[in-house]
Amino acid sequence: MITPVLEQALLEGRAMLPGGEVATYIPELGKANPGHLGICLRTLDGKRFQAGDTDVRFSMQSIAKVIALAVALELCGFDAVFDKVGMEPSGDAFNSLVKLEVSSSHPYNPMINSGAIVVCSCIEPELTFKELLRRTRMLCMDPDIRLDDAVFRSEMTHISRNRAIAYLLESKGIIAGNVERVLELYVRLCSLSVTAESLASLGLLLASGGVNPDTGERLLQPCTVQTVTTIMMTCGMYDGSGEFAVRVGIPSKSGVGGGILSTVSQRMGIGIFGPALDPKGNSVAGVRMLEYLSRQLGLHLFSQESRESVYRRLGLSVPPPPESSPPVPATP
Ligand code: GLU
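What you are looking at is a predicted structure, and each value in this text was computed from that prediction instead of being measured.

Asks: When you look at the sheet that holds strand S3 (residues 58-59) in this model, what are you seeing that I'm missing?
Replies: Two pairing modes exist for strands in a sheet, parallel and antiparallel, and in both the strands are linked by backbone hydrogen bonds. Ordered by their spatial adjacency, three strands build an open sheet running S3-S5-S4, and the pairing between neighbours is antiparallel. Edge positions in the sheet fall to S3 and strand S4 (146-147), since each of these pairs with one other strand and no more. Two strands pair when backbone bridges link them, and S3 and strand S5 (residues 192-194) are joined in this way by two bridges, in the antiparallel orientation. Along S5, the bridge assignment pairs Ser59 with Ser193.

So, in structure tokens, the structure goes:
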């Protein structure tokens with residue numbers, strides 16, 4: 001019953017494609033096929049559904065900020081990370097440095113470039129890129145994730161704005177150490193190539209509170225998952241995060257490579273690839289598909305339709321309620 005809903009979501013998304021454009025400010029991203037569109041959905045009870053171009057690899061771009069934040073929280077702890085970066089939506093574009101210069105002593109949140117560069121500065125002294133790649137593969141349950149060298153080199157030769165942000169952060173004493181190495185780590189992370197399925201798996205891991213449901217292995221602490229998911233909800237869709245929260249209500253993070261990572265707590269992970277973007281940098285078809293799915297499957301965090309009613313509407317048998325998850329230790 002889910003597959004026809006996904007197929008219809010794909011049609012809804014495809015209708016939006018003429019209104020989108022691929023990113024070109026990193027020249028290699030401009031080579032993406034704007035007609036590509038795929039969606040993968042993985043549920044906590046072990047089911048996997050997909051439609052469209054789900055095996056095409058693309059670079060994670062900003063979605064890597066979720067991984068960077070999760071890894072930094074696990075490595076350095078909540079206080080060390082949030083001493084240097086805030087938790088407020090900025091309402092500005094992802095690469096803006098205006099507020100950082102004019103009205104704030106630190107980046108607004110870890111989902112904008114300045115915040116993610118700070119987060120990478122916490123990780124850089126602790127982990128090699130090889131180790132970070134190993135962790136990313138585990139978190140996305142995808143051993144084939146690798147660095148897309150062409151995207152990496154393309155971004156490194158068009159890095160002026162992020163370099164300006166990084167040195168502004170250094171001048172304010174927010175990041176220390178080797179700025180160039182921090183920048184390189186940030187760009188490497190953004191250049192990791194994934195599929196819609198790898199993103200669905202990462203979403204599933206978050207939905208299950210940090211435990212890989214296939215192996216039972218805990219990869220993230222519950223408090224990390226709670227923090228990361230909340231920040232995805234408030235800041236994950238660029239300066240469209242507020243409207244997305246109202247219309248879709250699913251914690252998500254998008255990237256200019258066309259990916260969207262979404263997670264529905266205790267239920268499912270969703271991964272999308274659609275490189276035609278809206279003016280804010282979100283996959284134009286991806287946003288439409290998530291809005292459709294949220295309505296059809298009752299996925300909005302504040303949905304007023306009961307789970308039982310959604311299952312009945314879809315003609316599915318109503319599953320037993322999920323086992324209660326372990327209590328999340330209070331956020332420090
Ligand atoms: N690597 C990209 C940049 O820093 C990521 C941007 C994004 O996906 O929002 O510009």
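There's plenty left to go through after this.
Asks: Explanation requested: the sheet that holds strand S7 (residues 259-264) in the structure shown.
Replies: Overall, antiparallel pairing links the five strands, which are arranged S2-S1-S8-S7-S6 in an open sheet. What marks the edges here is a single partner per strand, and that holds for strand S2 (48-52) and strand S6 (252-254). In this sheet, neighbouring strand axes are inclined to one another by 10° on average, regardless of whether the strands run parallel or antiparallel. Where S7 meets strand S8 (residues 268-273), six bridges bridge the pair, whose relative direction is antiparallel. Bridging from a neighbouring strand, Ile260 pairs with Ile272 of S8. Its contacts with the sheet place helix H10 (residues 196-207) against strand S1 (38-43), S2, S7 and S8, and it is angled at close to 155° to S8.

Asks: Please explain the site of the ligand as it appears in this structure.
Replies: With respect to spatial proximity, twelve residues lie near the ligand, and among them Tyr25, Gln61, Ser62, Tyr186 and Tyr238 are the closest. Between the ligand and Tyr25, the relevant distance is 2.5 Å, taken from an oxygen atom to a side-chain nitrogen or oxygen of the residue. Between the ligand and the protein, one listed contact pairs a nitrogen atom with a side-chain N or O atom of Gln61 at 2.7 Å. Here the ligand, which alone exposes 290 Å², has 99% of that area covered by the protein. The class makeup of the residues in the shell around the ligand is six nonpolar, five polar and one charged.

Asks: How should the packing of aromatic side chains be read in this particular structure?
Replies: In this description, an aromatic ring pair is defined by two values, namely the gap between the centres and the angle between the planes. According to the stated counting rule, one finds two aromatic pairs in the structure shown. Here the aromatic rings of Phe58 and Phe273 are separated by 4.2 Å at their centres, their planes lie at 10°, and the arrangement is stacked. With Phe58 in strand S3 and Phe273 in strand S8, this pair connects stretches of sequence that are 215 residues apart. When sorted by exposure, Phe58 lands in the same class as Phe273, which is buried.

Asks: So what exactly am I meant to see when it comes to the side chain of Ser198 here?
Replies: Along the polypeptide, Ser198 turns up in helix H10. If sequence neighbours within four positions are ignored, Ser198 has contacts with Arg57, Cys140, Asp142 and Ile145.

Asks: What am I meant to see in the nonpolar core here?
Replies: Nonpolar side chains in soluble globular proteins tend to end up buried together. Counting 66 residues, the largest nonpolar core has Leu69, Ile117 and Ile123 as the members making the most contacts within it. It is helix H2 (residues 64-76) that provides the largest number of residues to this core, a total of nine residues. Residue contacts for Ile123: discarding those within four places in its chain leaves Ala68, Val71, Ala72, Leu75, Leu132 and Leu185.

Asks: I tried to follow the packing of helix H6 (residues 129-139) against helix H9 (residues 179-190) on my own but got confused; where do I start?
Replies: Helix-helix packing is described using two parameters, namely the angle between the two axes and the distance between the axes. Their axes nearest at 11 Å, the elements H6 and H9 cross at an angle of 30°. As judged from the angle between their axes, H6 and H9 are roughly parallel. For the pair H6 and H9, the sense of crossing is right-handed. Contacts between H6 and H9 involve Phe129, Leu132 and Thr136 on the former and, on the latter, Leu185, Arg188 and Leu189. Split by residue class, the contact of H6 with H9 holds four nonpolar, one polar and one charged.

About the criteria used
- Residues numbered from 1 in each chain as written.
- Predicted model: local features only at pLDDT ≥ 70, side-chain atom pairs only at ≥ 80, totals over all residues.
- Heavy atoms only, no water.
- Pairing = 2+ DSSP bridges.
- Helix = DSSP H or I, 4+ residues; strand = E, 2+ residues; numbered from the N terminus.
- Axes fitted to C-alpha atoms, helices over the stretch in contact; angles between N-to-C directions.
- Contact = heavy atoms within 4.5 Å.
- Near = heavy atom within 4 Å.
- Polar contact = N/O pair within 3.5 Å; in protein donor to acceptor, adjacent residues only side chain to side chain.
- Areas by Shrake-Rupley, 256 points an atom, 1.4 Å probe, with all protein chains shown as cover.
- Nonpolar A, V, L, I, M, F, W, Y, C, P; charged D, E, K, R; others polar.
- Phe/Tyr/Trp six-rings, centres within 6.5 Å; stacked < 30°, edge-to-face > 60°.
- Buried < 20%, exposed > 50% of the residue type's maximum accessible area, 1.4 Å probe, protein only.
- Core = buried A, V, L, I, M, F, W, Y, C linked by side-chain atoms within 4.5 Å.
- Parallel < 35°, antiparallel > 145°, perpendicular 65-115°, else oblique.
- Left-handed = near helix turned anticlockwise from the far one by under 90°.

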